[in-house]
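# Chain and residue survey
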Amino acid sequence: MSNKVRVRFAPSPTGGLHLGGVRTVLYNYLFARHNDGDFVLRIEDTDQNRYVAGAEQYIYDCLEWCGLTPDESPLKGGPYGPYRQSERRELYRKYAEQLVGDGYAYYAFDTPEDLEQMRTNLRTDANPNPQYDGKTRMDMRNSLTLPEAEVRELLDKGAPYVIRIKMPAGETISFTDMIRGEISNESDLVDDKVLLKADGMPTYHLAVVVDDYLMKITHAFRGEEWLPSAPVHILLWRYLGWEDNMPQWAHLPLILKPDGHGKLSKRDGQRLGFPVFAMQWKDPASGEVLDGFKEHGFLPEAFVNILAMLGWNNGTEQELFSLAELVEEFSMDRVHKGGAKFDFDKAKWFNQQYILQKSEEELLPLVRPFILQHDVYPDDEYLKKVISLIKERCHLLTDFWAQGHFFFAAPDNIDIESVKGKWNEQKQQFFSSWAQQLGSITQWTAPMLEDNFNQLATDAGLKKGELMLPLRIMLVGGKYGPGVFDIAEMIGKEDVGKRIERALAQL
RNA sequence: GCCGCGUUGGUCAAGGGGUUAAGACGCCUCCCUUUCACGGAGGAAUCACGGGUUCGAUUCCCGUACGUGGUACCA
């Protein structure tokens with residue numbers, strides 16, 4: 001029937017959702033939307049040893065936060081379910097058996113110990129990683145080496161076995177990658193990958209092919225770490241007789257750590273002080289909590305934009321894209337081949353751009369949770385005013401507290417050293433008397449306050465410039481923040497007085 | 001070791017036989033601002049290396065180096 005574009009994101013629910021994972025989701029999503037196709041979420045939970053409670057729900061939460069919700073998923077259902085591989089278990093065996101029947105795969109009865117034995121026996125400096133392949137398979141215990149009767153018997157009495165693909169000899173297997181062009185591998189160099197494990201579950205290799213076929217996936221995008229096993233998948237499509245339906249492949253470049261080399265890992269984030277996961281992840285087993293972009297104060301639109309630009313651009317100078325614009329502009333052939341180092345400074349800049357774009361009204365509900373964290377409960381009007389005064393100095397939502405805490409409470413400690421140097425009795429007198437006559441100021445507004453302040457300074461024979469920094473330190477605690485009289489207006493007569501008195505006591 | 005993939009400033013990157021090799025982040029200087037930030041104006045900084053092909057290579061080809069991924073009954 002139709003050749004509607006269908007793509008899928010197929011994570012294995014084992015922990016936090018990494019930057020690179022979200023970017024794979026994003027490129028899938030953009031490609032699907034751009035082509036009026038379907039975006040499927042499939043859960044690859046075939047490794048029962050790696051089951052982690054809550055990890056699947058966490059993936060939904062992350063996708064929802066990013067605004068990249070799938071059209072079909074275990075949660076939502078769809079015409080090609082089930083979407084959880086553990087629930088498709090029986091399907092895979094049939095195809096594995098079919099491959100054995102057609103001579104493309106075989107039963108292998110070697111125990112893990114046998115395999116280890118083979119590897120240690122064969123390991124040399126020239127060949128540090130011996131494989132189960134065309135060179136070694138005839139020395140192992142499998143349906144190719146054992147007499148048929150014995151194989152039958154082992155199977156009948158329920159001996160544990162796996163099914164392995166029988167890689168052909170002397171073939172060049174090639175395919176066209178949407179990003180990288182022609183890619184080819186020699187079949188002799190690829191090992192006889194396990195297709196069906198002893199516990200009856202498929203490995204990724206079998207499952208990805210069977211499910212992509214059954215789910216009518218037209219384009220398959222995944223990380224470049226899959227490139228070396230692509231020939232196995234190509235062969236499986238061929239051996240199963242589905243080659244005409246094989247999706248087009250695109251192997252996405254890696255996201256690398258900012259310093260040194262290598263794939264960005266969660267440890268790098270901890271080490272360098274930035275998140276690596278989309279949302280906070282609490283490991284149920286270890287109790288370890290890993291920070292996410294959300295909790296770090298990123299806006300989802302910014303996060304998505306950052307990821308989109310990490311490996312893709314539309315050839316113009318534009319860097320800020322809404323999701324709708326990305327959908328419009330996205331194409332796989334403009335994705336980079338090389339990996340990109342993640343730059344947290346640039347990420348913060350993106351987020352700042354989105355904060356700047358938003359109105360106080362829009363920012364209000366986004367900022368509030370980050371203020372609440374500090375046990376402060378301002379009313380809407382007050383918070384909005386604060387937001388408007390400080391938003392241009394905030395890169396992250398968490399900065400609203402860092403840049404605005406003094407609007408809600410007196411600073412814990414003040415940078416008294418910056419004032420001390422040029423401090424004198426005259427200034428002490430000035431602030432003391434200003435604090436005392438605050439009560440007589442009838443109109444408590446920034447301009448009136450400033451006038452009053454200026455007047456008194458002139459009367460005392462002091463330059464305003466010498467007094468501004470001390471006043472700021474007294475009210476704010478440091479050398480930052482919006483106009484000092486705006487701050488004074490906001491925090492009110494009483495607090496201004498108190499803060500001045502308190503600072504004076506320290507000088 | 002072997003195999004795959006990659007390589008334009010510190011980072012993200014445009015470009016692709018002839019260009020002053022864009023732009024952004026970051027950094028520095030200056031302006032604005034009696035703070036910080038925003039904004040504005042400048043600045044430093046780049047085609048990994050060696051061979052070809054060519055009148056001419058950053059661009060095409062081949063090597064080398066380096067990086068990275070894989071080499072599991074993990075995905």
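Residues numbered from 1 in each chain as written. Chains lettered and ligands numbered in written order. Predicted model: local features only at pLDDT ≥ 70, side-chain atom pairs only at ≥ 80, totals over all residues. Heavy atoms only, no water.

### What to know about the overall build of chain A
Per the secondary structure count, chain A includes 20 helices and 13 strands. Relative to a compact globule of 507 residues, whose C-alpha radius of gyration would be 23 Å, chain A shows 32 Å and is clearly more extended. Each of the 507 residues in chain A was classed as buried or not, and the buried ones make up 50%. The contacts of chain A with a sequence gap of at least 6 include a subset with a gap of at least 24, amounting to 71%. Of the roughly 23500 Å² of accessible surface on chain A, a fraction of 48% belongs to carbon and sulfur atoms. Positive and negative side-chain charges of chain A, numbering 57 and 76 respectively, have mean locations separated by a distance of 2 Å. (Helix = DSSP H or I, 4+ residues; strand = E, 2+ residues; numbered from the N terminus. Rg over C-alpha atoms; globule rule 2.2 N^0.38 Å. Buried < 20%, exposed > 50% of the residue type's maximum accessible area, 1.4 Å probe, protein only. Contact = heavy atoms within 4.5 Å. Areas by Shrake-Rupley, 256 points an atom, 1.4 Å probe, with all protein chains shown as cover. Lys, Arg positive; Asp, Glu negative; His and termini not counted. Charge placed at Lys NZ, Arg CZ, Asp CG, Glu CD.)

### Some thoughts on the packing of aromatic side chains
Each aromatic ring pair is described using two quantities: the centre-to-centre distance and the angle formed by the ring planes. Taken as a whole and assessed by the stated rule, the structure comprises 34 aromatic pairs. With a centroid separation of 5.7 Å and 65 degrees between ring planes, the pair formed by W312 and F321 is classed as edge-to-face. Each member of the pair, W312 as well as F321, carries the same accessibility label: buried. Site record: aromatic cluster; members linked through ring pairs are W65, F274, F293, F298, F303, F342 and F344. One residue, R164, lies across the ring of Y132, its end atom 3.7 Å from the ring centre. (Phe/Tyr/Trp six-rings, centres within 6.5 Å; stacked < 30°, edge-to-face > 60°. Lys NZ or Arg CZ within 6 Å of the ring centre and 35° of its normal.)

### Quick notes on the protein's contact with RNA strand B
Around RNA strand B, the structure places 64 residues, and the nearest of them are Q131, R180, E392, R393 and G481. Counting only atoms of RNA strand B within 4 Å of the protein, the fraction found in sugar and phosphate groups is 66%. Between RNA strand B and T46, the relevant distance is 2.7 Å, taken from a phosphate oxygen to a side-chain nitrogen or oxygen of the residue. Here D47 contributes a side-chain N or O atom positioned 3.3 Å from a sugar or linking oxygen of RNA strand B. (Near = heavy atom within 4 Å. Polar contact = N/O pair within 3.5 Å; in protein donor to acceptor, adjacent residues only side chain to side chain.)

### Brief notes about helix 17 (residues 446–460)
Helix length check: helix 17, at 15 residues, gives a terminal C-alpha distance of 21 Å against a target of 21 Å (1.5 Å per residue), a fit within 8%. When helix 17 is considered as a whole, its buried residues turn out to be A446, L449, F453, L456 and A457. When helix 17 is viewed along its axis, its buried side chains cluster within an angular range of 100 degrees and face the same direction. Opposite the buried face of helix 17, at more than 90 degrees from it, the exposed residues are P447, T458 and D459. Its buried side turned inward, helix 17 meets helix 16 (425–437), helix 18 (464–476) and helix 19 (484–491). (Expected span 1.5 Å × (residues − 1). Arc of directions from axis to C-beta.)

### Remarks on the pairing of strand 1 (residues 6–9)
Judged by which residues are buried, strand 1 turns out to be covered on both faces: R6 and R8 on one side and V7 and F9 on the other are all buried. Bridge analysis of strand 1 against strand 2 (residues 38–41) gives four bridges, and the strand direction is parallel. By the bridge assignment, R8 is partnered in strand 2 with V40. (Pairing = 2+ DSSP bridges.)

### What to know about the side chain of S73
Position of S73 among the secondary structure elements: in the loop between helix 2 (55–66) and helix 3 (89–101). If we skip the residues at most four places from it in the chain, S73 touches L41, Y60 and Y83.

### Some remarks on the side chain of K384
Along the polypeptide, K384 turns up in helix 13 (residues 380–390). Overall, K384 belongs to the buried group, its relative accessible area being 18%. Those residues in contact with K384, other than ones at most four positions away along the chain, are E360, E361 and L364.

### Quick look at the domain arrangement of chain A
One widely used convention gives an interface's size as the accessible area the parts lose upon coming together. Taken domain by domain, chain A comprises domain 1 (87–252) and domain 2 (367–506). On a C-alpha basis, the centroid separation for the pair domain 1 and domain 2 is 69 Å. (Domains from an automatic or database assignment.)

### Some thoughts on the nonpolar core
Proteins that are soluble and globular tend to have nonpolar side chains buried together. Residues Y27, F303, M332 and F342 are the most contacted members of the largest nonpolar core, which totals 61 residues. When residues of this core are traced back to their parent elements, those giving at least two are strand 1, helix 1 (19–34), strand 2, helix 2, strand 9 (248–252), helix 9 (300–309), helix 10 (323–329) and helix 11 (344–357). By residue number, the principal contributor to this core is helix 1, which donates nine residues. Among all residues touching M332, those that are not within four sequence positions of it are Y27, M178, I179, F221, A250 and L252. The next biggest cluster of nonpolar side chains, apart from the first, holds 56 residues, and it includes I371, L383, C394 and F406. (Core = buried A, V, L, I, M, F, W, Y, C linked by side-chain atoms within 4.5 Å.)

### A few points about the sheet that holds strand 4 (residues 162–165)
Read across the sheet, three strands follow the order 3-4-7 without closing on themselves; strand pairing throughout is antiparallel. The sheet terminates laterally at strand 3 (105–108) and strand 7 (194–196), the two strands that pair on one side only. Strand-to-strand twist across the sheet, computed as the mean angle between neighbouring axes with direction ignored, equals 40 degrees. Pairing between strand 4 and strand 7: two bridges, direction antiparallel. Considered in strand 7, the bridge of I163 is made with L196. (Axes fitted to C-alpha atoms, helices over the stretch in contact; angles between N-to-C directions.)

### Quick notes on the packing of helix 3 against helix 6 (residues 204–214)
Two measures define how a pair of helices packs: the angle their axes make with one another and the distance between the axes. Between helix 3 and helix 6, the least distance of the axes is 10 Å, while the angle of their chain directions is 105 degrees. With respect to their mutual orientation, helix 3 and helix 6 come out roughly perpendicular. Across the interface between the two elements, L91, Y92, Y95 and A96 of helix 3 pack against L206, A207, V210, D211 and L214 of helix 6. Here the residues of the contact of helix 3 with helix 6 are counted per class, giving eight nonpolar, no polar and one charged. (Parallel < 35°, antiparallel > 145°, perpendicular 65-115°, else oblique. Nonpolar A, V, L, I, M, F, W, Y, C, P; charged D, E, K, R; others polar.)

### Section: the pattern of salt bridges
Scanning the model with the defined rule gives 36 salt bridges in all. For E116, the salt bridge goes to R123, with nearest N and O atoms at 3.7 Å. Judged by relative accessible area, E116 falls into the partly exposed class, the value being 39%. If you follow the salt bridges from partner to partner, you end up with R8, R42, E44, R88, D211 and D212 in one network. (Salt bridge = Lys/Arg side-chain N within 4 Å of Asp/Glu carboxyl O.)

### Considerations on unusual backbone geometry
In the segment running from G81 into P82, the intervening peptide bond is cis, with an omega of -5 degrees. Structurally, P82 can be placed in the loop between helix 2 and helix 3. A positive phi angle, close to 55 degrees, is found at D36, a residue other than glycine. Tracing the chain through its elements places D36 in the loop between helix 1 and strand 2.

### So, the pairing of strand 2
Residue alternation in strand 2 divides its side chains into two sets, D38 and V40 and F39 and L41, and both sets are buried. Read as a crossover between parallel neighbours, the route from strand 1 over helix 1 to strand 2 is right-handed. (Right-handed = clockwise from strand over helix to strand, strands pointing away.)

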